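# Residue-level structural notes
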Amino acid sequence: MTRADQSRTIKVDYLARVEGEGALTIRLKGGVVEDVKLRIFEPPRFFEAFLQGRSFAEAPDITARICGICPVAYMMSAAHAVERAFGVEVGGALRELRRLLYCGEWIESHVLHIFMLHAPDFLGYDDAIQIARDHRELVEAALRLKQLGNDIVTAVGGREIHPVNVRVGGFYKAPAAADLQRLRERLVWGCGFARQALEFVAGLPFPDFEQDYTFVSLRHHLEYPMNEGRLASSRGLDCDVAAFEEHIEERHVAYSNALQATLRDGGHYMVGPLARFNLNYERLPAGVRAAAAAVGLGHGCRNPFKSIIVRAVEVLYALEEALRIIDAYQAPPRPAVPVQPRAGEGMACTEAPRGILYHHYRIGDDGLIESARIVPPTAQNQRAIEEDLRRLVPRYLRLSDAGLSLQCERAIRNYDPCISCATHFLKTTVERG
Amino acid sequence: MPLERRPAIAVIGVGNALRGDDGAGPAVLGRLRAECPAGVELCESDGEVTGLLDALSGRRAAIVVDAVCSGAEAGTVHCWRDDGPALAVLRSSTHALGVADALALAEALQRRPHRVTVVAIEARHFAPGEPLSPPVAQAVDPAAAVVRRELAHWLQEVPPCTSSR
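Residues numbered from 1 in each chain as written. Chains lettered and ligands numbered in written order. Predicted model: local features only at pLDDT ≥ 70, side-chain atom pairs only at ≥ 80, totals over all residues. Heavy atoms only, no water.

Moving on: the layout of surface pockets. If you add up the space inside the second largest pocket, you get close to 430 Å³. Around the second largest pocket, the lining is made up of 18 residues, and of these Leu143, Arg144 and Gln147 of chain A together with Asp54 and Arg111 of chain B lie nearest the centre. Here the element with the most residues in the lining of the second largest pocket is helix α6 (residues 136-157) of chain A; it accounts for seven residues. In terms of residue class, the lining of the second largest pocket is built from five nonpolar, five polar and eight charged. (1 Å grid on protein atoms, 1.4 Å probe; cavity = no way out; pocket = protein on both sides within 12 Å on 5 of 7 lines; lining within 4 Å. Points joined across faces, edges and corners; volume = space filled by probe spheres on them. Helix = DSSP H or I, 4+ residues; strand = E, 2+ residues; numbered from the N terminus. Nonpolar A, V, L, I, M, F, W, Y, C, P; charged D, E, K, R; others polar.)

If you want it as structure tokens, here you go:
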């Protein structure tokens, strides 16, 4: 054990159970955290440059390749941004189909994170395999639920990873009502299991770590946000998403290949399930709010470790929402609204599982993309993660470097970071000097 | 198909035919299609863990055919029975769950076939849109022959269509 008054450096070379390659360096001196650096060394991926000179119609499929976990988010943000540039509105059944597709992605991404990546931290396991041994029925059901999310994405998007059916204006082919109804029985089962899962995760042991975050998410006047809404914060921001860059700036820091986003007037902020939940609590159906309340989760949760409970709430919501959409669905007369390219700019945010994903395109009158800007959720959460670590590390100074690293990795996984997206992580280094 | 009526043996070709040498698994499966013995199901997998787990479930034996990077010469055909070094080599990511995790999860969930053989082709190039590189393309027939020998051996021990799991 290292004494707290000594200086030390703790390095985690490769962060596990996160998406992509990153590392963490913490420098301590005399029991005080001198520096925390979340270093994203996944190489830059240059997607914004790839898009220049490509047709507007390619933006959803090209950007979907940024991530294999949340391709739907990229497709949706791209489609909405281009549609805003062209003055196109997608409503009715096509809008509902997009929401259903997003429900599928939230379910598969959240269930994977809850059971395979995050829960092991709370149970003292190294990985999900150990949970499967000790909680076999739970993991079997979780895998069935993840598969259901995949199958929703397949039913609407044509393929479970990197769907092929999304286009600017809607879809290439609208699914038949009967094809969606085939999912119904499993969705009803899923709603029941999601309530059990919610009870399970709410019963995990949580550290007392309430923080005064600035939450940022979409906020919609009628619904829990996925595809549409205004950009809102817990400190009064309320604007059209077109004003994103007026309020949020990205900065390059030398130690990371991902740009770091901050609010121009308020520093770091958090996006993702906790932000969505707190800014849109009233938009959840009463039954979902009641299920959250029954396990002790109410509006205003500020403990990032409890994001696992919020993810379980969002899984329940996504399942109920998918059922609602499928029961009301009638195939639209055409799979997409007509799109007429014109010179212009379009910006859109949609709610990826990990938080708001911003796309901005400038398009020429020939329909070719002149410039593109993409701000993924993990880039926005980097500073919030570093701030959490600054506050958390002093509590664990008595631990060995390995023990301290483990606690840091846990705190990082609260954000379900997607480093592959952010470079467009993890090795931990703790320097005790 | 209900698990109890599944063929007792699965050959699972893992990979993406559009990513250069990652297409080794699907290519071997292609060679086997013309003469697949009764009692054997050929399954394609993109490596996604729930799909792989499903392909493994309800079998008495399974052969997983995949591309690997273990440091051997490109085109080398590996045959690993049961655990061997396969799990370590197949663990290729700090985040995504793949073949090794699917096998470990199947074990933990009591869904792992009694016998598992991994036939792997040492791969080198994974560029999108590229075909198999020459050494890997040349290894497809020898790898298919290894799979056939393994199947012939098993089929003597495991009568077809008598899955009892």
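There's more to say after this.
Looking now at the pairing of strand β12 (residues 355-363) of chain A. Residue and element names in this part refer to chain A. Within β12, eight of the nine residues are buried, which leaves the element mostly enclosed by the surrounding structure. Alignment of strand β11 (residues 344-352) against β12, held across nine bridges, turns out to be antiparallel. By the bridge assignment, Cys349 is partnered in β12 with Tyr358. Where β12 and strand β13 (residues 369-375) come together, six bridges link them in antiparallel fashion. Opposite His359, over in β13, you have Ile374 as the bridge partner. Where β12 folds back onto β13 in an antiparallel hairpin, the turn is made up of five residues, including Gly367, whose phi is positive at roughly 80°. (Buried < 20%, exposed > 50% of the residue type's maximum accessible area, 1.4 Å probe, protein only. Pairing = 2+ DSSP bridges.)

Right, let's talk about the domain arrangement of chain A for a bit. Residues and elements named next belong to chain A. Domains assigned within chain A are domain 1 (3-44 + 384-432) and domain 2 (47-380). With 31 residues of domain 1 at the interface, the matching set in domain 2 holds 41 residues. Both sides of the domain 1 and domain 2 interface together cover about 3100 Å² of buried area, and 53% of this is carbon and sulfur. Inspection of the region where domain 1 meets domain 2 yields two salt bridges. Among the elements of the structure, β3 (32-40), α13 (377-392), α14 (401-413) and α15 (419-422) are those that each provide at least two residues to the side of domain 1 that touches domain 2. Among the elements that line the side of domain 1 that touches domain 2, the one with the most residues is α13, at six residues. Partitioned by chemical class, the residues of the side of domain 1 that touches domain 2 number 14 nonpolar, four polar and 13 charged. (Domains from an automatic or database assignment. Contact = heavy atoms within 4.5 Å. Buried area = accessible area lost by both parts, 1.4 Å probe. Salt bridge = Lys/Arg side-chain N within 4 Å of Asp/Glu carboxyl O.)

Here we come to the pattern of salt bridges. All names here are of chain A. If you walk through the whole model with that rule in mind, you get 39 salt bridges over all chains. A salt bridge links Arg95 to Glu223; its shortest N-O distance comes to 2.7 Å. Pair noted here: Arg95 is in helix α4 (residues 92-123) and Glu223 is in the loop between β6 (216-219) and β7 (230-233), with a separation of 128 residues, a long-range link. Take Glu223: its relative accessible area is 13%, and that puts it in the buried class. Between Glu351 and Arg276 there is a salt bridge, with its nearest N and O atoms 2.8 Å apart. One end of the pair, Glu351, is in strand β11; the other, Arg276, is in helix α10 (residues 273-279), and 75 residues separate them in sequence. What makes Glu351 buried here is its relative accessible area of 0%.

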